[in-house]
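Given next are the chains, with one letter for each unit.
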Amino acid sequence: MKTCGLVQIIYTIAQSIGGALVLLMILSGCSALGFNSSNVTWNTYSNARYGFEFPYPSNWTVLNTPENNDGIAFVSPENDSVQIRGWAVNELPKSLTEEQHSEKAVNPNFQTVQGISGVMFVEVGQQVSSMTLTLTQAQVQYCWQGRSQSKDFPDYYRLFYYIAQQYRISRTGG
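Residues numbered from 1 in each chain as written. Predicted model: local features only at pLDDT ≥ 70, side-chain atom pairs only at ≥ 80, totals over all residues. Heavy atoms only, no water.

### A look at the nonpolar core
Rules: Joining through side-chain atoms within 4.5 Å is the link that ties buried Ala, Val, Leu, Ile, Met, Phe, Trp, Tyr and Cys residues into a set, and such a set is a nonpolar core. For each residue, the accessible area found with a 1.4 Å probe, counting protein chains only, is set against the maximum for its type, and the residue is called buried under 20%, exposed over 50%, and partly exposed in between. Strands are runs of DSSP state E lasting at least 2 residues, helices are runs of H or I lasting at least 4, and numbering of each runs from the N terminus.
Among the nonpolar cores identified, the biggest contains 33 residues, and Phe54, Ile84, Met131, Tyr142, Trp144 and Tyr167 are the most heavily contacted of them. Sorting the residues of this core by element identifies strand E3 (52–57), strand E5 (71–75), strand E6 (83–90), strand E8 (117–124), strand E9 (128–137), strand E10 (140–149) and helix H3 (153–166) as the ones contributing at least two each. The element contributing the most residues to this core is H3, with nine residues.

So this is what it looks like as structure tokens:
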């Protein structure tokens, strides 16, 4: 497993001391090495429409399933503010969007165990904090997110990071 550093994570910080303290706690323990996945019983969510999958703790509950089958959300049985989500969307061809977007693309800063590079974005807010992974393959954008109340985020950071690393895209999906 990899250890993350300041260069690997793009983040925004709430302008409060609380947000800065949470960020400091997260970055001080910014290693997925401390998370023991063998202590968790896992299930795997597989999305047939887009061909992606990720593990989730087996005791977590499905929040909702969109009718279009583009993803899913799970909630922790211990704290309903702790959620993980996975979804995918088809992107418009670059030729249609190049003129509309003057923003520069963000370089990949994360790699899954499968070897797919993407962008990991950690946002620490005053109330809610999240970790969002975005992977783009062909014309599909794959997203995964873990989020919780900011005060609880350090407790879930390693779990979220582990799940993001395990995110997989099948070559036949999309």
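### With respect to the pairing of E8
To be explicit about the condition: Pairing between strands is defined by DSSP: at least two bridges between the two strands are required.
Looking at chain direction, strand E7 (residues 110–111) and E8 are connected through two bridges and run antiparallel. Paired with Phe110 across the bridge in E8 is Gly118. Here E8 runs beside E9; their pairing, made up of six bridges, is antiparallel. Bridge pairing links Val124 to Ser129 in E9. Between the end of E8 and the start of E9, which pair antiparallel, lie three residues.

### Section: the environment of Gly86
Rules: Contact definition: two residues touch when any of their heavy atoms are within 4.5 Å.
By secondary structure assignment, the location of Gly86 is in strand E6. Sequence separation between Gly86 and Trp144 is 58 residues; the distance between their C-alpha atoms is 4.3 Å. Those residues in contact with Gly86 that sit more than four places away from it in its chain are Phe52, Phe54, Asp70, Gly71, Ile72, Cys143 and Trp144.

### Quick look at the environment of Ser130
Here Ser130 lies in strand E9. Between the C-alpha atom of Ser130 and that of Tyr156, which follows or precedes it by 26 residues, the distance is 9.9 Å. The contact partners of Ser130, leaving out residues within four places of it in the chain, are Phe121, Val122, Glu123, Gln145, Gly146, Arg147 and Phe153.

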